[in-house]
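Topology and contacts: notes
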Amino acid sequence: MNRRKFASKLTLATISSVLGTEIVFGNQMPKDYEPLGLLNPDPFKLFKKDSEMVLLNDKPWNMEAKAHLLNDKVTPNKFMFIRNNGKIPQNITAANWKLTIDGESVQTTKSYSLQELKSKFKTHTYQLTLECGGNGRSEFNPPAKGNQWTIGAVSCANWTGVRLRDVLQDVGIKSDGVYIGYHAADTHLSGDPNKEPISRGVPITKAMQDETLLAFEMNGNPIPLTHGFPLRLVCGGWPASTSGKWLERISIRNIVHDGAKMGGSSYRVPCETVSPGSKVEESDMCIIESMPVKSIITYPKSGALLKNKSLKINGHAWAGELQVQKMEYSIDFGSTWKSCTLEKPVNRLAWQHFNAKVSFPKKGYYEVWARATDENGKSQPMILPGWNPKGYLNNACHRIAVKVVES
Amino acid sequence: MKKKQFLIGFLAVIALTVTLYFVLKKPVTEEVYQELNDVTFIELDEETILKSGFINDIGVSQVIQNCTQCHSSKLVTQNRLNKTGWEASIKWMQETQNLWDLGKNEERIVNYLAKNYAPETEGRRTNIEVAEWYELE
């Protein structure tokens, strides 16, 4: 669509909604104009999501899980959160898809078809934890602007693809390369074809890790459309926004990538901690890298009425680039903690499973709190961690409510 | 009498159509929005407001007209900000997301949002809200 057509199309949309009477000008609408109301299909059917998932936003699409929906060891599509910044690209043809590697620090700009990627490089599969940087945002006070994620913007699926490192080495990186930035096929909400909804990236060191993939499969099938079909960059353990969907181009940069949502308060937090509600200068904000240690109790669902005094709990724990070393629970609001059984991750950057058998002393209301500790000895806080303008990195301990009603 | 009203209405629609035709011919969207925002407050009908998902209060029509062209009402209504916060959000959208000048509607829009979607004091952790207690076998 050229710029002029885009402008007049938007204008018509505005006018009709300004007047609240689409019918009056109905005969003037261009044939390809679809009234907004007709563009809202059922997202649960469209994206094959479980009906218990929570829709946060329908333009752009944003949907999250509830803790108990994430009980599977490997997250299936139906329970995987959706975080889109722009509009999902239309009319994707995998056979014609190309990935281009360019940028200031590329030896030679080169393009690969999906078939070339698959045949030229070795394929790897890893289970990778992808958590939205803003997961838990809804709890911040003063409130932070954006989708109000509670606990369910996290997933750990199996991703299959080729290593980004192998492809970068094939094109050659100049010695001044420090960062990679992705460019994708999704389109900006305003309809402006010259704007990218999001174009983020990671330092070369993260790009070169074994587990950083150019993925074409999720859980053994082609990646679902809303999760990035046909090609997605996957950077486990980092804010999921670094895992660019609908990947068309990767630029090897000689500066920190400066694409959309790399600056300002996007996916950045104050370099030094600030008091809640502070105004922070752009120059005092730092890019989020590894996500912090966190865990969720996925069984039972919060609100269980128990007829006996024992309860089996289980869930997952993860720690960004690190491993979780210890997992504990408390039934007395953090006064005392008991150990959970904690499994090793199936591979680096995959979440780890825990379970415990909880005993309650007598009838009453209890909260089961879960606390993970990473390999550097850092634990989840009980209350909200440091406030930041956009409400990122809330790793406060997960809590479920239970009542022992008789015994 | 009714005939006269009809005629006035009819002429008004024609006049508006002609005006809009010329407005539409302008290639730059921003100017069009700006002009509309400067002309007058246009109020929407009850049904449109109800369907929008916004609280019905003074300014809701301007919010619907200007905010839901690009994103859904849900992106607004799930947020809680004070006046400064909403103003900053509008400024950010104008600087980075192609939002147009809101003209004289801005004050109405900001007041509406600050009143109806204001922050509540929550402290560092709220009570756990249980949607439904259930018996666990």
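Residues numbered from 1 in each chain as written. Chains lettered and ligands numbered in written order. Predicted model: local features only at pLDDT ≥ 70, side-chain atom pairs only at ≥ 80, totals over all residues.

What to know about the overall build of chain B
Per the secondary structure count, chain B includes 7 helices and 1 strand. Each helix (α) and strand (β) of chain B, taken in turn from the N terminus, gives the series α-α-α-α-α-α-α-β. (Helix = DSSP H or I, 4+ residues; strand = E, 2+ residues; numbered from the N terminus.)

Brief notes about the overall build of chain A
Within chain A one finds 5 helices and 24 strands. Expressed as a percentage of contacts within chain A between residues at least 6 apart in sequence, the contacts between residues at least 24 apart total 69%. (Contact = placed C-beta atoms within 7 Å.)

Observations regarding unusual backbone geometry
Residues and elements named next belong to chain A. The omega torsion of the bond from Phe 229 to Pro 230 falls at 5 degrees, within 30 degrees of zero and hence cis. Of note, Pro 230 is situated in the loop between β11 (221-222) and β12 (232-234). With an omega of 0 degrees, the peptide bond running from Tyr 299 to Pro 300 counts as cis. For Tyr 267, which is not glycine, the phi torsion reads 50 degrees and is therefore positive. By the element assignment, Tyr 267 lies in the loop between β13 (247-253) and β14 (268-270). Residues other than glycine seldom take positive phi values, yet Leu 393 does so here, at roughly 60 degrees.

Observations regarding the sheet that holds strand β1 (residues 54-58) of chain A
Strand pairing within a sheet occurs via backbone hydrogen bonds; the two strands may be parallel or antiparallel. Residue and element names in this part refer to chain A. Pairing within the open sheet is antiparallel, and its 3 strands lie in the order β1-β2-β3. Pairing within the sheet leaves two strands with one partner each, and these edge strands are β1 and β3 (82-83). Bridge analysis of β1 against strand β2 (residues 61-64) gives 4 bridges, and the strand direction is antiparallel. Paired with Val 54 across the two strands is Glu 64, which belongs to β2. (Pairing = 2+ DSSP bridges.)

A few points about helix α6 (residues 83-96) of chain B
Helix length check: α6(B) (14 residues) gives 20 Å between terminal C-alpha atoms against 20 Å at 1.5 Å per residue, within 8%. Just downstream of α6(B) lies B:Asn98, where phi reads positive at about 70 degrees. (Expected span 1.5 Å × (residues − 1).)

Details of helix α4 (residues 164-171) of chain A
All names here are of chain A. Regarding α4, the residues found buried are Leu 164, Val 167 and Leu 168. Down the axis of α4, the buried set is contained in an arc of 100 degrees. They therefore lie on one face. Contact partners of the buried residues in α4: β4 (98-102), β7 (154-163), α5 (204-207), β10 (213-218), β12 and β13. Of the residues one or two after α4, Gly 172 is the one with positive phi, at around 90 degrees. (Buried ≥ 20, exposed ≤ 12 C-beta atoms within 10 Å, placed from the backbone. Arc of directions from axis to C-beta.)

So, the pairing of strand β24 (residues 398-404) of chain A
Residue and element names in this part refer to chain A. Most of β24 sits inside the fold, with 5 of its 7 residues counted as buried. Of the pairings in the sheet, the one linking strand β17 (residues 304-306) to β24 comprises 3 bridges and is parallel in character. Residue pairing in the sheet places Leu 305 in a bridge with Lys 403 of β24. In the sheet, strand β23 (residues 364-374) pairs with β24 via 7 bridges, with the strands oriented antiparallel. What sits directly across from Val 368, in β24, is Ile 400.

Quick look at the confidence of the model for chain B
When the pLDDT values of chain B are averaged, the result is 83; 72% of them are 70 or greater. Predicted as a complex, the structure gets a pTM of 0.84 and an ipTM equal to 0.81. (pLDDT = per-residue confidence, 0-100.)

Some remarks on the confidence of the model for chain A
Here chain A shows a mean pLDDT of 91. Residues at 70 or above account for 90%. Confidence over residues 1-38 of chain A falls short of pLDDT 50; this stretch has 39 contacts with residues more than four positions distant or in other chains.

Topic: the packing of α6(B) against helix α7 (residues 105-116) of chain B
All names here are of chain B. Where α6 meets α7, the closest approach of the two axes is 9 Å, and the angle between their N-to-C directions is 130 degrees. Comparing their axes, α7 and α6 come out oblique. In the packing of α6 onto α7, the handedness of the crossing is right-handed. Together, Lys 83, Trp 86, Glu 87 and Ile 90 of α6 and Glu 106, Val 110, Leu 113 and Ala 114 of α7 make up the contact between the two elements. For the contact of α6 with α7, the residue count by class is 5 nonpolar, no polar and 3 charged. (Axes fitted to C-alpha atoms, helices over the stretch in contact; angles between N-to-C directions. Parallel < 35°, antiparallel > 145°, perpendicular 65-115°, else oblique. Left-handed = near helix turned anticlockwise from the far one by under 90°. Nonpolar A, V, L, I, M, F, W, Y, C, P; charged D, E, K, R; others polar.)

Some words on the environment of A:Arg232
All names here are of chain A. The residue Arg 232 is located in strand β12 in this model. A count of 24 C-beta atoms within 10 Å places Arg 232 in the buried class. Note: C-alpha distance between Arg 232 and Ser 379 (147 residues apart in sequence) is 31 Å. Apart from residues lying up to four places away in sequence, Arg 232 is in contact with Ala 215, Ile 223, His 227, Ser 243, Gly 244, Lys 245 and Leu 247.

Focus: the sheet that holds β13(A)
All names here are of chain A. Reading across from one edge, β5-β4-β13-β8-β9 is the order of the 5 strands in this open sheet, with mixed pairing throughout. Of all strands in the sheet, those bounded by a partner on one side alone are β5 (110-113) and β9 (201-203). Direction aside, the axes of adjacent strands within the sheet are offset by 15 degrees on average. Direction of pairing for strand β8 (residues 179-184) relative to β13: antiparallel, over a ladder of 6 bridges. Residue Ala 184 lies in a different strand from β13, and its bridge partner there is Leu 247.

Description of the packing of helix α4 (residues 60-67) of chain B against α7(B)
Residues and elements named next belong to chain B. At a closest axis distance of 9 Å, the pairing of α4 and α7 adopts a crossing angle of 105 degrees. Comparing the axis directions of α4 and α7 gives the class roughly perpendicular. Where α4 abuts α7, its residues Val 60, Gln 62, Val 63 and Asn 66 lie against Asn 105, Arg 108, Ile 109, Tyr 112 and Leu 113. For the contact of α4 with α7, the class distribution of residues is 5 nonpolar, 3 polar and 1 charged.

Some details on the pairing of strand β18 (residues 310-318) of chain A
Residues and elements named next belong to chain A. Across 5 bridges, strand β16 (residues 294-299) lies against β18 in antiparallel orientation. If you follow Tyr 299 over to β18, its bridge partner there is Asn 314. For β18 and strand β22 (residues 352-359), the ladder comprises 8 bridges, and the chain directions are antiparallel. Along β22, the bridge assignment pairs Gly 315 with Phe 354.

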